[in-house]
Every structure is written in structure tokens, then in C-alpha cells.
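Observations on the model geometry
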Amino acid sequence: MASKAVDLRSDTVTKPSEAMRAAMAAADVDDDVVGVDPTAHRFQSEMAALMGKEVALFVPSGTMGNLISVLVHCDVRGSEAILGDNSHIHVYENGGISTIGGVHPKTVPNNPDGTMDVDRIVAAIRHPDLHYPTTRLICLENTHGNCGGKCLSVEYIDKVGEIAKAHGLKLHIDGARIFNASVALGVPVDRLVKAADSVSVCLSKGLGAPVGSVIVGSKDFIDKARILRKTLGGGMRQVGVLCAAAHVAVRDTLGKLADDHRKAKALAEGLKKIKHITVDPASVETNMVFFDIIDPRISPDNLCQVLEQHNVLAMPASSTSIRFVIHYQISDSDVQYALTCVEKAFEELLKGGINLDQMTNGATKSSYGH
Ligand SMILES: Cc1ncc(COP(=O)(O)O)c(C=O)c1O
Ligand SMILES: C[C@@H](O)[C@H](N)C(=O)O
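Keep in mind that this is a model prediction, so the values were computed, not measured.

Here is what the cut-offs are and how they apply
- Residues numbered from 1 in each chain as written.
- Chains lettered and ligands numbered in written order.
- Predicted model: local features only at pLDDT ≥ 70, side-chain atom pairs only at ≥ 80, totals over all residues.
- Heavy atoms only, no water.
- Helix = DSSP H or I, 4+ residues; strand = E, 2+ residues; numbered from the N terminus.
- Rg over C-alpha atoms; globule rule 2.2 N^0.38 Å.
- Buried < 20%, exposed > 50% of the residue type's maximum accessible area, 1.4 Å probe, protein only.
- Contact = heavy atoms within 4.5 Å.
- Areas by Shrake-Rupley, 256 points an atom, 1.4 Å probe, with all protein chains shown as cover.
- Lys, Arg positive; Asp, Glu negative; His and termini not counted.
- Charge placed at Lys NZ, Arg CZ, Asp CG, Glu CD.
- Expected span 1.5 Å × (residues − 1).
- UniProt positions renumbered as here; feature names shortened; annotations may be inferred.
- Phe/Tyr/Trp six-rings, centres within 6.5 Å; stacked < 30°, edge-to-face > 60°.
- Lys NZ or Arg CZ within 6 Å of the ring centre and 35° of its normal.
- Pairing = 2+ DSSP bridges.
- Polar contact = N/O pair within 3.5 Å; in protein donor to acceptor, adjacent residues only side chain to side chain.
- Near = heavy atom within 4 Å.
- Nonpolar A, V, L, I, M, F, W, Y, C, P; charged D, E, K, R; others polar.
- Axes fitted to C-alpha atoms, helices over the stretch in contact; angles between N-to-C directions.

**Thoughts on the overall build of the chain**
- Helix and strand counts for the chain stand at 14 helices and 13 strands.
- Relative to its length of 370 residues, the chain is compact, with a C-alpha radius of gyration of 21 Å against a globular reference of 21 Å.
- In terms of overall dimensions, the chain has C-alpha extents of about 60 × 55 × 35 Å along its principal axes.
- Taken across its 370 residues, the chain has 54% of its residues classed as buried.
- Intrachain contacts of the chain at a sequence separation of at least 6 include 75% that bridge at least 24 residues.
- Accessible area for the chain stands at about 15,600 Å²; split by element, carbon and sulfur atoms hold 53% of it.
- The centroid of the 38 positive side-chain charges in the chain is displaced by 1 Å from the centroid of its 43 negative side-chain charges.

**Observations concerning helix α12 (residues 257-272)**
- Look at α12: 23 Å from first C-alpha to last across 16 residues, which is about the 22 Å you get at 1.5 Å a residue.
- For α12, the complete set of buried residues consists of Leu257, Asp260, His261, Lys263, Ala264, Leu267, Ala268, Gly270 and Leu271.
- Residues of α12 that are buried in the fold lie against α8 (178-185), α11 (240-253), β9 (277-278), β10 (288-293), β13 (321-325) and α14 (332-350).

**Observations regarding the UniProt feature "domain: Aromatic amino acid beta-eliminating lyase/threonine aldolase" (unreviewed entry) in the chain**
- The sites that carry the UniProt feature "domain: Aromatic amino acid beta-eliminating lyase/threonine aldolase" (unreviewed entry) are, in the present numbering, residues 7-292.
- In residues 7-292, helix accounts for 41% and strand for 17%; the two terminal C-alpha atoms are 19 Å from one another.

**Considering the packing of aromatic side chains**
- Counted under the stated rule, the structure contains one aromatic pair.
- The cationic tip of Arg126 hangs over the ring face of Tyr132; the distance from NZ or CZ to the ring centre is 5.2 Å.

**With respect to the pairing of β10**
- Pairing analysis gives two bridges linking β9 to β10, with the strands arranged antiparallel. Following the sheet pairing, Ile277 is matched in β10 by Ile293.
- Strand direction decides the pairing type here: β10 and β13, joined by five bridges, are antiparallel. Counted as the bridge partner of Asp292 is Ser321 from β13.

**With respect to the UniProt feature "modified residue: N6-(pyridoxal phosphate)lysine" (unreviewed entry) in the chain**
- The feature "modified residue: N6-(pyridoxal phosphate)lysine" (unreviewed entry), as given by UniProt, occupies Lys205 in the numbering adopted here.
- As for its placement among the helices and strands, Lys205 is situated in the loop between β7 (198-202) and β8 (213-217).
- When residues no more than four places from it in sequence are discounted, the contact partners of Lys205 are Asp11, Thr12, Thr14, Ala176 and Arg177.

**Describing the side chain of Arg229**
- Examined against the element boundaries, Arg229 turns out to sit in helix α10 (residues 219-231).
- A relative accessible area of 4% places Arg229 in the buried class.
- Among the polar contacts listed, one links the side chain of Arg229 to the backbone oxygen of Phe58, at a separation of 2.6 Å.
- Setting aside chain neighbours within four positions, we find Arg229 in contact with Asp32, Gln44, Leu57, Phe58, Val59, Met64, Ile68, Gly234, Gly235 and Met236.

**What to know about the site of ligand 1**
- Every residue lining ligand 1 is accounted for by Ser61, Gly62, Thr63, Asn66, His88, Glu93, Glu141, Asp174, Ala176, Arg177, Cys202 and Lys205.
- Interatomic distance of 2.6 Å between a side-chain N/O atom of Thr63 and an oxygen atom of ligand 1.
- Take Asp174: an N or O atom from its side chain is 2.7 Å from a nitrogen atom of ligand 1.
- In isolation ligand 1 offers 380 Å² of accessible surface; the protein chains occlude 82% of this area.
- Taken together, the residues that form the shell around ligand 1 break down as two nonpolar, five polar and five charged.

**Things to note about the sheet that holds strand β3 (residues 79-84)**
- With respect to topology, seven strands assemble into an open sheet ordered β2-β8-β7-β6-β5-β3-β4, the strand pairing being mixed. Looking at the sheet topology across the chains shown, the edges are occupied by β2 (55-59) and β4 (104-108). Taking each pair of neighbouring strands and ignoring which way they run, the sheet shows an average axis angle of 20°.
- Both β2 and β8 contribute to a ladder of five bridges, which runs antiparallel. The partner of Val59 across the bridge, within β8, is Ser213.
- Sheet contacts for helix α2 (residues 38-51): β2, β7 and β8; angle to β2, the most-contacted strand, approximately 125°.

Here you go:
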């Protein structure tokens, strides 16, 4: 059994490295609400340059980064945002753009590759009419978390950007894993997001920072975002402690993302050899692997429970599938250990070693999915 848990639940589970902890302890800080925390200032400047945007703003979470971005773009009552029906903003952020911002969501079906058909985006744009909300924003997600961690191409993003500009709309990218997309596509991140008016970038996912995201955009956008961050309670005092860790994360972990993708591909190839599973290794583009359980008697929750007994942590993604997410604290031997445990778990479940009746009734209990 692995001494420590092999945690494949998400790339949000990493623990700060010793270098991050040292940087946090040594950070030069000040009150970032009263003035500007020097470490936050340096880090925000670094991120704006990296992303090719005028200004960056550190925020406590990706959810707040998306919320602030949507609310800045949709600052007039009756605004509507076009977004994917399977997008994180629409599915996993408590409907915040509506409940807090009064923004009306106009969903367009996400394709399996994370895109929305451009003709359906255009069709979703409202023409002026007394009855209709007013379209002000288009939101994309890259990589797409619910679509297997798929990458949106720079050509697609540029095309959607042209549509937004032609219709007087803004374009926001939920770039929680934009660096995974940049690395997988071989496109510099500033080029990948060039067409976007704003991007929310998670530092606390594959990059491994303990906390936080940054939003990037024009100075005017970030000036408004800074006010909204305060309104939402996101104004932080000596935030340089967190920015110091995030700086180390960008410095030390960005270069490891390609290895995460390699391990994810290896994991998928290994899962394909297990007869109780269907998985398509060719569909793995970044750090996520989704696989389906063939035997209807075994729910994803059943399997996750038995895997946990072997110290492998995972989350159901639907009533039939499980998601494994690779991050830089998962080693090649952890991948092999997880594969061994998946095989053992099926053996135990199918030999009746684990009475299915004693477990959940097969309902997916811990799925983060829908
Ligand atoms: C695609 C995507 N966007 C946004 C978020 C929100 O980030 P946070 O968990 O920091 O709020 C997540 C995950 O958490 C995500 O997977
Ligand atoms: C579930 C979602 O909020 C989280 N970002 C994850 O992918 O694990």
C-alpha cells in the first residue's frame, strides 16, 4: 500500500512545496487594501506580462475570478452572458453570476471537445427587442474541465473573439487550466488568450499554489475588477504571503505540466488494459482521464470507496464514470500503483469480497459532476 494517499481527485489537492512555504514565510508584505502589497504588486506585474495583458489582479479563487470578470463586463441590468451548458461558470459556481450579479445566462451546448458551435454562439446573440435581455459577453473555458480537460485551439478562440468584436461583445476565458492548454497545444499563453478581454487563471490547480487565481485584462477592466473584488469581500491585507507562493508555483511548476500530461496518457493506456473499463487514451490531451465502468452493478462511488481502502483517492464524474486528475505531486510509480489498485478493486467487488449491499446503493454520492 502506498505510504501516502495517491490523490487523483483533482489538481486542486496539491500541498505547497517547501520552496513555497519558505517564500511565504519570507514574503515582504503590506496592507493590500490600504495601499499595495509589494509582493502582490510584483507578482501581478509578472502575471500581466506573462499573459500579454495590461494588468493582473490576485483574487482568492477561480470562482471569484470568473464572477468578478462576468460582473465587470455585464455591469448593466438585464445583461446576458453566453456560456457553455457544461461550463464551470454555469454548473459549479452556484449560479453566482445570476444570484449575485443579476446576469442572465444564455447557454449553448458544449461539444465533447469543449467548444460551442460558432453558428450557435451567433444565433444566441440577442437582437435588440423590448422583450429580450441584452447580450454583453461570451465565456469560453480552456482547458474544459467537464469535457475531459480538452484544449480550445487558438484558431477557435480567435474566431469567437472576432464574433464578439463584430457584435460589440466582450470575451472572457475561464482559464483555470490555461497553462495546461498552452503547454499541450505548444502555443504561448499570451498568444492563446490574445482575443480575450479578460482571463481568470488558477494558480491553485496544476501550478500547485496553495491558494488563488489572477484575472488579467485592460487597466480599465482591472480598475473595475478591484472595486468588485472589495465588494465581494475579496480585498486582502498582507496578501503577499499568498502571492509569494504563487510566484514560486509559476516559476517551479509550469515546466512540469507536460510531464503531468505524459503521466495522464500513461494512466489512460494502463486503464485501457483493464477489461471492466472503457477509456479512450487518444482523447487525453492534458492532465485529466475520464473512464466508464462497464458493469452496471458497480457504481463509480462503489469503486471510489474500494480504491480509498487502497489509499487511492478519486471522484465520480457521473453515474457511470470516474475522473482521475494528474498533478505534479503524482509520480510515475503512483500511476502504476493506482492501476494495480483499480484492478484489485474490481476483483474484490466482483468476487463479492466487498458486499455491494453494504455500500452505497449505487447512487453516485460524491460526484462533483451533475
Ligand atoms: C474550469 C474551472 N474553472 C473555475 C474553477 C474554480 O476555481 P476555484 O476552485 O479556485 O474556485 C475550477 C475549479 O475549481 C475549474 O475547474
Ligand atoms: C470540481 C471543480 O470545481 C474543480 N475545479 C475540479 O476540477 O476539481
